[in-house]
Amino acid sequence: MKIGICEDNIIEQEQYKAFFKKLGYNNIVVFSSGEELLQEMPDLDLLFLDIEMDKISGIQIKNIFEEKRKNTYIVFYTTHIEAMPDAFGANVLGFLRKPVTYNELKIYTDKTCLRLIEDCPVLLDDGKYISSSTILYIQSDHNYTILYTGNSHIIVRKPLKLWIPELAPYGFAKTCRSYIANLYNANYIEKSSLVMVNGDKIPVSRNLFNKVKEAYNGFQLRLYNKSINR
């Protein structure tokens, strides 16, 4: 996940960067002004944006991003809560009051991950895309991989080792040498396999079992929190 921070206070910039890195996010870009951000117009997954800035306000930036970067989710932070009614938007996840805490940032990075899981496009060999949420698991077949989507499958000329870093931020986990599974579509984990929603059992190697179980349990907790906070 690529995260942007637009903040003119250097101390707060470094604090937010430290929080994100502690959460495991290293793809972070920092902008010291709205002008600098708009000049680059980066393709971001999540943008933390100060409402009160010189020359260009966070609300003006939000309006531009909604037109030109519709896939970027935005979280505002401010010392002036009264400005928040003007900051609502289609991709605005929420608002934070300064000073922002580590736990508050974690809430919104988790929310963004869940949104990205549902929306992540996966490119196929014919140039078409499918949503990652439709994939149950991916099996290695040398330089090819087989994407299983319920009762059908798609063969793609792409090795498993390239899928892993691409899909890991969207809820996929490596279960053994030949498989990665979409935790979004897993029912439960047992001694040596991950059972998918269609009943298929994906093998889980002994050395990866604890890591897969921890990832699955953490993912299910996030899904539960999402369901009760709708």
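All residue numbers refer to position in the chain's written sequence, counted from 1. Only residues with pLDDT of at least 70 get local features here, since the model is predicted, and only at 80 or more are side-chain atom pairs given and counted; chain-wide, interface and lining totals rely on the full set of residues. As a convention, hydrogens and water are excluded, and side-chain values are obtained from all of the structure's heavy atoms.

Colleague: Could you give me a rundown of the packing of aromatic side chains, with the residues and numbers involved?
Modeller: Given two aromatic rings, their pairing is described by the distance between the two centres and the angle made by the two planes. Between the rings of Phe, Tyr and Trp (Trp by its six-membered ring), a pair exists once the centres lie within 6.5 Å; its type follows the angle of the planes, with under 30 degrees stacked, over 60 edge-to-face, and the other angles tilted. What the rule picks out here adds up to six aromatic pairs. Pairing Tyr16 with Tyr77 gives two aromatic rings, centres 5.3 Å apart and planes at 65 degrees, and the pair type is edge-to-face. Of the two residues, Tyr16 sits in helix H1 (residues 10-22) while Tyr77 sits in strand E4 (residues 73-78), which places them 61 residues apart along the sequence. Each member of the pair, Tyr16 as well as Tyr77, is classed as buried. Site record: aromatic cluster; members linked through ring pairs are Tyr137, Tyr148 and Tyr179. We count a charge as sitting over a ring when the NZ of a lysine or the CZ of an arginine lies within 6 Å of the ring centre and within 35 degrees of the ring normal. The ring of Tyr102 carries Lys22 above its face, with NZ or CZ at 4.7 Å from the centroid. Looking at Lys158, its charged tip hangs above the ring of Trp163, at a distance of 3.9 Å from the centre. Every helix listed is a DSSP run of H or I at least four residues long, and every strand listed is a run of E at least two residues long, numbered separately from the N terminus. Only protein chains enter the accessibility calculation, which uses a 1.4 Å probe; a residue is then buried when its area is under 20% of its type maximum, exposed when over 50%, and partly exposed in between.

Colleague: Explain the sheet that holds strand E15 (residues 201-203) to me, and be specific about the residues and the numbers.
Modeller: Strand pairing in a sheet is mediated by backbone hydrogen bonds. Such pairs are either parallel or antiparallel. Pairing in this open sheet of three strands is antiparallel, and the strands run E13-E14-E15 from one edge to the other. Taken across any chain shown, the strands that pair with only one partner, and hence form the sheet edges, are strand E13 (186-189) and E15. Between one strand axis and the next, the sheet turns through 25 degrees on average, direction left out of account. Any two strands with at least two DSSP bridges between them are considered paired. For every element, the axis is a line fit to its C-alpha atoms; helices are fit only across the contacting stretch, and the angle between N-to-C directions ranges from 0 to 180 degrees.

Colleague: Break down the pattern of salt bridges for me, with residues and values.
Modeller: Between Lys or Arg on one side and Asp or Glu on the other, a salt bridge is scored when a side-chain nitrogen of the former is within 4 Å of a carboxyl oxygen of the latter. If you walk through the whole model with that rule in mind, you get six salt bridges. Between Lys98 and Asp50 there is a salt bridge, with its nearest N and O atoms 2.9 Å apart. Linking Lys98 in the loop between strand E5 (92-97) and helix H4 (102-119) with Asp50 in strand E3 (residues 46-50), this pair joins segments that are 48 residues apart in sequence. For the pair Lys98 and Asp50, one class covers both residues: buried.

Colleague: I'd like to hear about the nonpolar core, residue by residue, with values.
Modeller: Put simply, a nonpolar core is a bunch of buried Ala, Val, Leu, Ile, Met, Phe, Trp, Tyr and Cys residues held in one set by side-chain atoms that sit within 4.5 Å of each other. Counting 35 residues, the largest nonpolar core has Phe20, Phe48, Leu105, Leu147 and Leu167 as its most contacted members. Sorting the residues of this core by element identifies strand E1 (3-6), H1, E3, E4, E5, H4 and helix H5 (160-167) as the ones contributing at least two each. The greatest single-element share of this core, amounting to four residues, is contributed by H4. We call two residues contacting when some pair of their heavy atoms lies within 4.5 Å. Apart from residues no more than four positions distant in its own chain, Leu167 is found in contact with Cys120, Val122, Ile138, Phe172 and Ile180. Membership of the second largest hydrophobic core comes to 21 residues, among which are Ala173, Tyr179, Leu183 and Ile202.

Colleague: Could you give an account of the environment of Lys98, naming the residues involved and the relevant values?
Modeller: Residue classification places Lys98 among the buried positions, given a relative accessible area of 17%. In this structure the C-alpha to C-alpha distance between Lys98 and Glu14, which are 84 residues apart in sequence, comes to 15 Å. When residues no more than four places from it in sequence are discounted, the contact partners of Lys98 are Glu7, Glu12, Tyr16, Asp50, Tyr77, Thr78 and Thr79. N or O atoms closer than or at 3.5 Å make up a polar contact, with two conditions inside protein: a donor-capable atom paired with an acceptor-capable one, and, for residues adjacent in sequence, both atoms drawn from side chains. Separated by 3.2 Å, the side chains of Lys98 and Glu12 make a polar contact.

Don't take any of this as a statement about function, it's just geometry.
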